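Listed below, chain by chain, are the residues.
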Amino acid sequence: MSTDTSLATRSHEENWQPVLELAVEEVFEIMLGCRVKPVSAADNPPNRDFTAMVGLAGALGGIITVCCSAKTASCLAKAMLGAAAESEGEVADALGEICNMVSGNFKNKLSCADDRCMLSVPTVVSGGQYNVHSMASGDSMSTVVLFEDAPVTVTLQLNN
Amino acid sequence: MDKIRALIVDDSSVMRKIVERSLRQAGIELEKVVEASNGAEALAALRDNPVDLILCDINMPVMDGLEFVRQSSTVENAKGVPIVMITTEGSESHVVQALTAGARGYIRKPFTPEQVKEHVLPVLGKKP
């Protein structure tokens, strides 16, 4: 395949959607002790109390976000730590690490990314009144899983 | 096994706690745990704290894990101390860079306590 094939084209040709889903499932199972499967996004709209973001640069450019409610973020942190988080900062830290591991796990599964794709350190925003405007304006794909019956939405937004 | 002193380097405090817990779950008794949130902090911490094992992330602000491994050889307290990378970076290139710089082991996130045991015990001279 030509190296200048657009990411959007590659994401469709190589069917990255199940790769993203597997990356999410593995992180939840290994780090949170929870088996998850994708559920309907239409039936489980995203809650954006917390959004963690990791940027991708190089051979694979874009951004991966993980968003969920504040309550779910606390539950995720508790599952990771084995005890309740000590602060909102620790909850954000935990969600950022989940996003970081999903991003790394996803790119490690793609032959085109490998060492030619770099990850940023995670950024986490919280609060009720914000929008995330990504400059990565290409194709996107999402997967939604339920953690303690609440949606966790993971989105890959590719650069154009 | 004798109790060991470990330095855990990761920009995530949550991940530092998880790594420490995984060491304990691997049956490694910890006399002391020193934490640092990036490579520069880790170099500074090493100057005052002799340790027996270093576990280090790669992607960190200020100084990344690969640079820390390269520079750690200049710190007296780090000489001969095994370094195991624990990172989301899974490419062969990163593994080679880490091992060439002086790391003795490489664990990819997400990881299980069993993987920690499998990679850490040998560098401590123990059977996993």
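Look above for the structure.
**Q** What exactly am I supposed to notice about the overall build of chain A here?
**A** When its secondary structure is counted, chain A shows 4 helices and 7 strands. Taking the principal axes of the C-alpha coordinates as reference, chain A spans close to 50 × 30 × 30 Å. Counting the 160 residues in chain A, one finds 41% classified as buried. Considering only contacts in chain A between residues 6 or more positions apart, those separated by 24 or more positions represent 68%.

**Q** Would you mind showing me how to read the sheet that holds strand S3 (residues 53–56) of chain B here?
**A** Whether parallel or antiparallel, the strands of a sheet pair through hydrogen bonds between backbone atoms. Residues and elements named next belong to chain B. Read across the open sheet, the 5 strands follow the order S2-S1-S3-S4-S5; overall the sheet is parallel. Looking along the sheet, the strands with just one partner apiece sit at the ends: strand S2 (30–36) and strand S5 (105–108). Each adjacent strand pair in this sheet contributes to an overall mean axis angle of 20 degrees, direction not counted. The pairing of strand S1 (residues 4–9) with S2 spans 6 bridges and is classified as parallel. Along S2, the bridge assignment pairs Val9 with Ala36. Strands S1, S3 and strand S4 (83–87) of the sheet are contacted by helix H3 (residues 65–72), whose axis makes an angle of about 175 degrees with S4.

**Q** What am I meant to see in the packing of helix H3 (residues 70–81) of chain A against helix H4 (residues 88–108) of chain A here?
**A** The angle between the axes and the distance between the axes are what describe a pair of packed helices. Residues and elements named next belong to chain A. The geometry of H3 relative to H4 is characterised by a closest axis approach of 9 Å and an angle of 75 degrees between their N-to-C directions. Taken together, the axes of H3 and H4 lie roughly perpendicular to each other. Residues Ala73, Ser74, Leu76, Ala77, Met80 and Leu81 of H3 pack against Glu90, Val91, Ala94, Leu95 and Ile98 of H4.

Conventions adopted
Residues numbered from 1 in each chain as written. Chains lettered and ligands numbered in written order. Predicted model: local features only at pLDDT ≥ 70, side-chain atom pairs only at ≥ 80, totals over all residues. Helix = DSSP H or I, 4+ residues; strand = E, 2+ residues; numbered from the N terminus. Buried ≥ 20, exposed ≤ 12 C-beta atoms within 10 Å, placed from the backbone. Contact = placed C-beta atoms within 7 Å. Pairing = 2+ DSSP bridges. Axes fitted to C-alpha atoms, helices over the stretch in contact; angles between N-to-C directions. Parallel < 35°, antiparallel > 145°, perpendicular 65-115°, else oblique.

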